[in-house]
Amino acid sequence: MTNTENTWDKLLQIKTSGRDDSNSDEYRYPYEPTSYSVLERLAQSGLIGKKDVVLDYGCGKGRVDFFLSYQTKAKTIGIEYDERIYQSALKNQKTAVSGSKAEFAHTSAEKYDLPPEVNRCYFFNPFSVEILHKAMARILDSYYENPREVLLFYYYPSDEYIAYLMTVDELDFYDEIECDDLFEGNDQRERILIFSLPYYNSEDEN
């Protein structure tokens with residue numbers, strides 16, 4: 001780990017480093033944690049605060065959840081389909097300084113029903129665009145059942161993800177957080193694309 005990665009893991013009292021592709025396939029991608037430098041930039045955006053609830057798709061060992069809970073005071077929910085990696089998240093939760101503000105579910109994105117309080121969603125290419133379709137359907141179901149503004153954060157988005165997201169009528173492009181300066185190589189995918197499901201007050205329509 002780099003110094004930054006090591007420092008944050010120690011500060012948060014968790015172990016989230018390393019890549020794990022033991023249960024990956026063409027639909028579910030390997031576990032690889034978001035760099036802390038990227039998460040710092042996300043936390044500094046001001047788009048996540050203590051009143052928000054963040055759903056982390058493919059949470060792995062829980063890095064995003066523990067970091068955002070610590071830095072922004074938001075409540076976080078991580079979902080993970082891989083049983084062994086999910087157990088690592090639970091193990092981290094026992095020692096994490098922000099463990100009480102994070103919760104985890106062992107389930108797949110296709111099956112997970114969003115709690116009505118979730119208003120932020122985070123993705124770091126956890127699965128294929130086919131699964132993203134199904135996850136988005138669940139998000140939209142929750143959005144229509146309990147109307148509220150929802151922000152969706154897509155870190156390191158693939159062309160396939162972007163092409164699909166641009167076809168979802170309900171989504172508005174909101175902003176992007178550039179991260180390419182954090183790494184060598186000038187990789188244009190090093191960014192967080194932000195889309196919104198806007199909240200329309202029924203009184204505004206009258």
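Worth saying up front: this structure is predicted, and the values here are computed from it rather than measured. (Residues numbered from 1 in each chain as written. Predicted model: local features only at pLDDT ≥ 70, side-chain atom pairs only at ≥ 80, totals over all residues. Heavy atoms only, no water.)

Whenever I open this one, the packing of aromatic side chains confuses me. Can you help?
Each pair of aromatic rings is reported with the distance of its centres and the angle of its planes. Evaluation of the coordinates by the stated rule reveals 15 aromatic pairs. Ring centres of Tyr57 and Phe123 lie 4.5 Å apart, and the angle between their planes is 5°; on these two criteria the pair is classed as stacked. Of this pair, Tyr57 sits in strand E1 (residues 53-57) while Phe123 sits in strand E4 (residues 120-123), placing them 66 residues apart in sequence. Note on Tyr57: relative accessible area 1%, which makes it buried. (Phe/Tyr/Trp six-rings, centres within 6.5 Å; stacked < 30°, edge-to-face > 60°. Helix = DSSP H or I, 4+ residues; strand = E, 2+ residues; numbered from the N terminus. Buried < 20%, exposed > 50% of the residue type's maximum accessible area, 1.4 Å probe, protein only.)

Where do I start with unusual backbone geometry in this structure?
Leaving glycine aside, a negative phi is the common case for residues, and trans is the common case for peptide bonds. Phi at Gln13 is positive, roughly 60°, even though this residue is not glycine. Secondary-structure assignment places Gln13 in the loop between helix H1 (3-12) and helix H2 (36-43). Note on Gln13: relative accessible area 44%, which makes it partly exposed. Even without being glycine, Asn125 reaches a positive phi, approximately 40°. Along the polypeptide, Asn125 turns up in the loop between E4 and helix H5 (129-145). Relative accessible area serves as the criterion here: at 12%, Asn125 is assigned to the buried category.

For this particular structure, what's the right way to read the sheet that holds strand E3 (residues 102-106)?
Two strands in a sheet stick together by hydrogen bonds in their backbones, pointing the same way (parallel) or opposite ways (antiparallel). The strand order E3-E2-E1-E4-E5-E7-E6 describes an open sheet built from seven strands, whose pairing is mixed. The open sheet has two edge strands with one neighbour each: E3 and strand E6 (172-178). Strand-to-strand twist across the sheet, computed as the mean angle between neighbouring axes with direction ignored, equals 20°. Sheet analysis places E1 next to E4, joined by four bridges and oriented parallel. (Pairing = 2+ DSSP bridges. Axes fitted to C-alpha atoms, helices over the stretch in contact; angles between N-to-C directions.)

What should I look at first to understand the side chain of Asp56 in this one?
Note that Asp56 resides in strand E1. If sequence neighbours within four positions are ignored, Asp56 has contacts with Val64, Asp65, Ile77, Gly78, Ile79 and Tyr122. (Contact = heavy atoms within 4.5 Å.)

Whenever I open this one, the packing of H2 against helix H3 (residues 63-72) confuses me. Can you help?
A pair of packed helices can be characterised by two numbers: the angle between their axes and the separation between those axes. The N-to-C vectors of H2 and H3 enclose an angle of 40°; their axes lie 10 Å apart at closest approach. It follows from the interaxial angle that H2 and H3 lie oblique. For the pair H2 and H3, the crossing hand works out as right-handed. Residues Tyr36, Leu39, Glu40, Leu42 and Ala43 of H2 touch H3, and the partners they reach there are Arg63, Val64, Phe67, Leu68, Gln71 and Thr72. (Parallel < 35°, antiparallel > 145°, perpendicular 65-115°, else oblique. Left-handed = near helix turned anticlockwise from the far one by under 90°.)

How do you make sense of the packing of H1 against H2 when you look at a structure like this?
Where H1 meets H2, the closest approach of the two axes is 9 Å, and the angle between their N-to-C directions is 65°. As the angle between them shows, H1 and H2 are arranged roughly perpendicular. On H2, the residues that touch Thr4, Glu5, Trp8, Asp9 and Leu12 of H1 are Tyr36, Ser37 and Glu40. Of the residues contributing to the contact of H1 with H2, the split by class is three nonpolar, two polar and three charged. (Nonpolar A, V, L, I, M, F, W, Y, C, P; charged D, E, K, R; others polar.)

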